[in-house]
Amino acid sequence: MSVSHTSWTAKFLAVVRYEILWNIRKKKFLGMLILAFALSTLSLALGHIVSALGGPSVEPNPDFVIGSNVGLGGFGFFLFAIVTVMNTVSGEFESGTIVPLLAKPVSRTTVFFGKLFAAFLTLLVTYCFLMIYMTIGGFVVYGPQNNLHLVPLSLLGALFSTLIWISIVLFFGTLSRSSLIAALAPLGIWLGTTIIGQIVGALAGQGWILTYIPGTGNSGFANGGPPSQFAPTGTAVSTGTDSIGPNLISYILHPSREVTFYKINIEEMAHGQPSWVALYSEPLSNIVLMSIAVALVYFIVFVAISWYAFRRAQITE
Amino acid sequence: MRFVIETADLTKKYGPLVAVDKLDLKVKTDTIHGFLGPNGAGKTTTIKMLIGLLKPDGGSVSVLGQELGWDKPDVRSRIGYMPELPKLPKHLKGRELIDIYGRMYGVTKEERKKQIPKLLDMVGLKERGIDLIITYSKGMKQRLGIAQALLNEPELVILDEPSLGLDPVGMVEVREIMHEIAKEGVTVFLSSHLLHEVEQVCTHVTIINKGVELASGTLKQISAKVKGPVTIEAEVDKLSKAVIKKVEKLSFVTGVSKDGKKLLVEVKTRDDVRSQISQAITAGGGIVISMDSKGKSLEDVFMDLLVKHKRKKRSQ
């Protein structure tokens, strides 16, 4: 049999093929895909369901597709990251398949980045389908849509947001060699930043710190007037890595927007009259830049540590 | 190249446990070299260091003339490796796996198209190549593991317990495959704890226990290392005292006993002395019906070496 001098690309693509076949045949991935389409369908049909139950009739919404964030949003990105890469490295160690794989004439760097690229491709194709589905559905349900040229940006934003979680899942998976830890540790981070962080941030007025951690980030309101008695007005804006797509689109459409951040006044809340106190304002452009910078730093740091650990891993399995 | 595998003082530790202890392994080219030892002897650890899956704590490794550095995959393109009870990705089909591994080895598309069915046929998986590996039995996975190890026409094939999980027919087939690939000039390094397998297949053997090399060489050389008489068993018609006396007079005979029609002759040499014994029996008036040398089997040698090693350890 003739063995050619294999180029790095050929080996890399062989790893990508190996990984993609794994990804698309995973039951949990297929389950997540069905769930994502089900949730997208629900978000499309929700207006009609409410209307059928006696609620207001469905009004045309030309910004539905642009605001849909691929029909997923933060938790969707997180879940897709988990199901795509929780076994990518740790699963190979757990099942022992890492032994025949690393016994091939392929460097560990090629294997690692081939796997990462396969996750990217899997998500790209999945999100493309979801975006097409949401676009067609948006037309059918909410009428003609505005700014459709920004749909690819929304797609890229969603991919980038998911890649942050992917780097975190890979990090825990590579270091622990356990799929369980690869899934549970990021879940802890997600719960901490999204739920606990949001509550603490809103009550203590220290939400700014959420700007520097992955996930939802700090929440403020753009283009709003003075806060009403019960809640601020305007468009809600999140600073976190999960909102890169919507924030980018928002910035392109309204480059001079200012975002105001609030805290809840607990003392008045005790008297039955909660009030929101404006803390600080920031241009939307700053928020977009910051969220992209933070996302890049997280991605590079987590991927670099995972790659280093994978390269040095001793295969005792 | 005289040696395809050469290690010097190769050492691997897991915490306080020394899994491989200053191993000097030398595997000559064009041989079937058995790597024999009980479970936990350090065979798989040694192999993983040869492949580059484990980093040695000491010593050096050279495979196919190349010093093995960490994550230097080039030399692996000339090696075929079948791990112990190969854990193959169950989400792939047998044929897909071989194809992907072929791409990693750089086997051209045309060659893959031609060779993959041939390899699957050789290991008896031609009909099952289109099925997912998750549906394979243990033996089928083992066969697929052998097929993927031969994919790149390697110069050296490392097989770690290839018969594990196979039925007797499968075991015989694996041995035949080993003979076939050895005939084509491929060096086979066979790790096994099955003594009869090593005895039947290998030309050279290295025996290790607890990471320490106990003996290495051809089967004959290893047998010679273990002291102890060789018994020649002769079935004799008209077995008389005269026959016994004639045999006892032979210089290399250390003892003679009678067991019915059988004459048991203990000799101190490992040369083939059956013709001299036969002449002595005939001179004494007996008629030789059959004669067989009952020298120490590899199993006896192996057990002797293990016992000696244990005693040595205890006395230290």
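Residues numbered from 1 in each chain as written. Chains lettered and ligands numbered in written order. Predicted model: local features only at pLDDT ≥ 70, side-chain atom pairs only at ≥ 80, totals over all residues. Heavy atoms only, no water.

Student: How should I be thinking about the overall build of chain B in this particular structure?
Tutor: Helices and strands together make up the secondary structure of chain B, namely 10 helices and 15 strands. When its C-alpha atoms are laid out on the principal axes, chain B stretches across 75 × 50 × 35 Å. Here chain B holds 316 residues, and the buried ones make up 51% of them. Expressed as a percentage of contacts within chain B between residues at least 6 apart in sequence, the contacts between residues at least 24 apart total 67%. By element, 50% of the accessible surface of chain B is carried by carbon and sulfur atoms, the whole surface being about 14800 Å². Placing the 52 positive and 41 negative side-chain charges of chain B at their respective mean positions leaves the two points 4 Å apart. (Helix = DSSP H or I, 4+ residues; strand = E, 2+ residues; numbered from the N terminus. Buried < 20%, exposed > 50% of the residue type's maximum accessible area, 1.4 Å probe, protein only. Contact = heavy atoms within 4.5 Å. Areas by Shrake-Rupley, 256 points an atom, 1.4 Å probe, with all protein chains shown as cover. Lys, Arg positive; Asp, Glu negative; His and termini not counted. Charge placed at Lys NZ, Arg CZ, Asp CG, Glu CD.)

Student: Explanation requested: the interface of chain B and chain A in the structure shown.
Tutor: Interfaces are frequently sized by the accessible area removed from exposure as the parts join. Between chain B and chain A, the contact holds 38 residues from the first and 34 residues from the second. For the pair chain B and chain A, the two sides together bury roughly 3400 Å², of which 60% comes from carbon and sulfur. Counting across the chain B and chain A interface gives one salt bridge. The interface formed by chain B and chain A includes 11 residue pairs in polar contact (both at pLDDT 80 or more). Those elements giving two or more residues to the side of chain B that touches chain A turn out to be β1 (3–14), α1 (43–51), α2 (94–105) and α3 (109–122) of chain B. (Buried area = accessible area lost by both parts, 1.4 Å probe. Salt bridge = Lys/Arg side-chain N within 4 Å of Asp/Glu carboxyl O. Polar contact = N/O pair within 3.5 Å; in protein donor to acceptor, adjacent residues only side chain to side chain.)

Student: How should I be thinking about the packing of aromatic side chains in this particular structure?
Tutor: One pass over the structure, following the stated rule, counts 21 aromatic pairs over all chains. Ring geometry for F80 of chain A versus Y127 of chain A: centroids 5.6 Å apart, planes at 80°, classification edge-to-face. Note that F80 of chain A is positioned in helix α3 (residues 74–85) and Y127 of chain A in helix α6 (residues 108–142), a separation of 47 residues in sequence. Comparing F80 of chain A with Y127 of chain A shows no difference in burial state: the two are buried. Arranged with centres 5.1 Å apart and planes meeting at 85°, the rings of F112 of chain A and F113 of chain A form a pair that is edge-to-face. Look at F112 of chain A and you get buried, because its relative accessible area is 1%. Aromatic ring contacts, followed pair by pair, group W8, F12, F117 and F120 of chain A into a single cluster. Geometry around W22 of chain A places K26 of chain A over its ring, the cationic atom sitting 5.8 Å from the centre. Above the plane of the ring of Y101 of chain B lies K104 of chain A, whose end atom (NZ or CZ) is 4.1 Å from the centre. (Phe/Tyr/Trp six-rings, centres within 6.5 Å; stacked < 30°, edge-to-face > 60°. Lys NZ or Arg CZ within 6 Å of the ring centre and 35° of its normal.)

Student: Even after reading the chapter, I still don't get the pattern of salt bridges, so can you show me in this structure?
Tutor: As a working rule, side chains carrying opposite charge can pair if their charged atoms are close by. Overall, the coordinates contain 13 salt bridges over all chains when judged by the stated rule. For the salt bridge of E96 of chain B with R25 of chain A, the shortest nitrogen-to-oxygen distance reads 2.8 Å. You can see E96 of chain B sitting in helix α2 and its partner R25 of chain A sitting in helix α1 (residues 8–25), one on each of two chains. Residue classification places E96 of chain B among the buried positions, given a relative accessible area of 16%. For E155 of chain B, the salt bridge is made with R78 of chain B, and the minimal N-O distance between the two is 2.8 Å. Of this pair, E155 of chain B sits in the loop between α4 (138–149) and β8 (156–160) while R78 of chain B is found in the loop between β6 (66–67) and β7 (79–82), placing the two residues 77 residues apart along the sequence. Ionic contacts of the salt-bridge type, sharing partners, join the residues E19, E92 and K115 of chain A into one network.

Student: Teacher, can you tell me more about unusual backbone geometry here?
Tutor: Residue and element names in this part refer to chain B. Even without glycine at this site, D9 takes up a positive phi of about 55°. Here D9 lies in strand β1. One non-glycine residue, L64, lies in positive phi territory at about 50°.

Student: Mind showing me how you'd approach the side chain of T45 of chain B here?
Tutor: Residue and element names in this part refer to chain B. Here T45 lies in helix α1. With a relative accessible area of 11%, T45 lands in the buried category. For T45, the side chain forms a polar contact with the side chain of Y14, separated by 3.5 Å. When sequence neighbours within four positions are dropped, the list of residues in contact with T45 reads K12, Y14, A19, V20 and L54.

Student: Looking at this structure, how should I read the domain arrangement of chain B?
Tutor: In terms of domains, chain B is made up of domain 1 (3–224) and domain 2 (229–294). Taken over C-alpha atoms, the centre of domain 1 of chain B sits 44 Å from the centre of domain 2 of chain B. (Domains from an automatic or database assignment.)

Student: Please explain the environment of G76 of chain A as it appears in this structure.
Tutor: Assignment of secondary structure puts G76 of chain A in helix α3. As for G76 of chain A and V16 of chain A, which are separated by 60 residues in sequence, their C-alpha atoms are 24 Å apart.

Student: How do you make sense of the pairing of strand β2 (residues 17–23) of chain B when you look at a structure like this?
Tutor: Within a regular beta strand, the side chains point alternately toward one face of the sheet and then the other, so they alternate between its two faces. All names here are of chain B. For β1 and β2, the ladder comprises four bridges, and the chain directions are antiparallel. Paired with L10 across the two strands is L23, which belongs to β2. Taking the residues that link successive antiparallel strands as the turn, the β1-β2 hairpin has two residues, and the phi of G15 there is positive, at about 65°. (Pairing = 2+ DSSP bridges.)

Student: What should I look at first to understand the sheet that holds strand β4 (residues 275–283) of chain A in this one?
Tutor: Note on sheets: strands pair through backbone hydrogen bonds, and any given pair is parallel or antiparallel. Residue and element names in this part refer to chain A. In spatial order, the strands read β2-β1-β3-β4; together these four strands make up an open sheet with antiparallel pairing. Each of the sheet's edge strands pairs with one partner strand only, and the pair in question is β2 (235–238) and β4. Across this sheet, the average inter-strand angle for adjacent strands is 40°, counted without regard to direction. Two strands pair when backbone bridges link them, and strand β3 (residues 258–265) and β4 are joined in this way by eight bridges, in the antiparallel orientation. Bridge assignment links I264 to a residue of β4, and that residue is W276. Along the sheet, helix α8 (residues 179–204) contacts β1 (219–222) and β3; its crossing angle with β3, the most-contacted strand, is approximately 85°. Set on the sheet, helix α11 (residues 284–312) makes contact with β2, β3 and β4; between it and β4 the angle comes to about 75°. (Axes fitted to C-alpha atoms, helices over the stretch in contact; angles between N-to-C directions.)

Student: Which parts of the structure should I look at to understand the packing of α1 of chain A against α6 of chain A?
Tutor: The geometry of a pair of packed helices is captured by two quantities: the angle between their axes and the separation between those axes. Residue and element names in this part refer to chain A. Axis separation between α1 and α6 bottoms out at 8 Å; the angle between their running directions is 50°. The orientation of α1 relative to α6 falls into the category oblique. As α1 packs across α6, the resulting crossing turns out to be right-handed. Only T110, V111, F113, G114, K115, F117, A118, A119, L121 and T122 of α6 make contact with α1, whose side of the interface consists of W8, K11, F12, V15, V16, Y18, E19, I20, W22 and N23. Each residue belonging to the contact of α1 with α6 can be placed in one class, and the counts come to 13 nonpolar, four polar and three charged. (Parallel < 35°, antiparallel > 145°, perpendicular 65-115°, else oblique. Left-handed = near helix turned anticlockwise from the far one by under 90°. Nonpolar A, V, L, I, M, F, W, Y, C, P; charged D, E, K, R; others polar.)

Student: I keep staring at a nonpolar patch on the surface and nothing clicks. Help me out?
Tutor: Residue and element names in this part refer to chain A. Among the surface-exposed residues, L35, L39, L42, L46, I49, V50 and L53 lie close enough to one another that they form a single nonpolar patch of about 630 Å² accessible area. Inspection of the secondary structure puts L39 in helix α2 (residues 27–52). Of the residues examined, L39 reaches a relative accessible area of 43% and is grouped as partly exposed. (Patch = residues over 30% accessible without salt bridge, like charges linked within 9 Å, V, L, I, M, F, W, Y side chains within 5 Å.)

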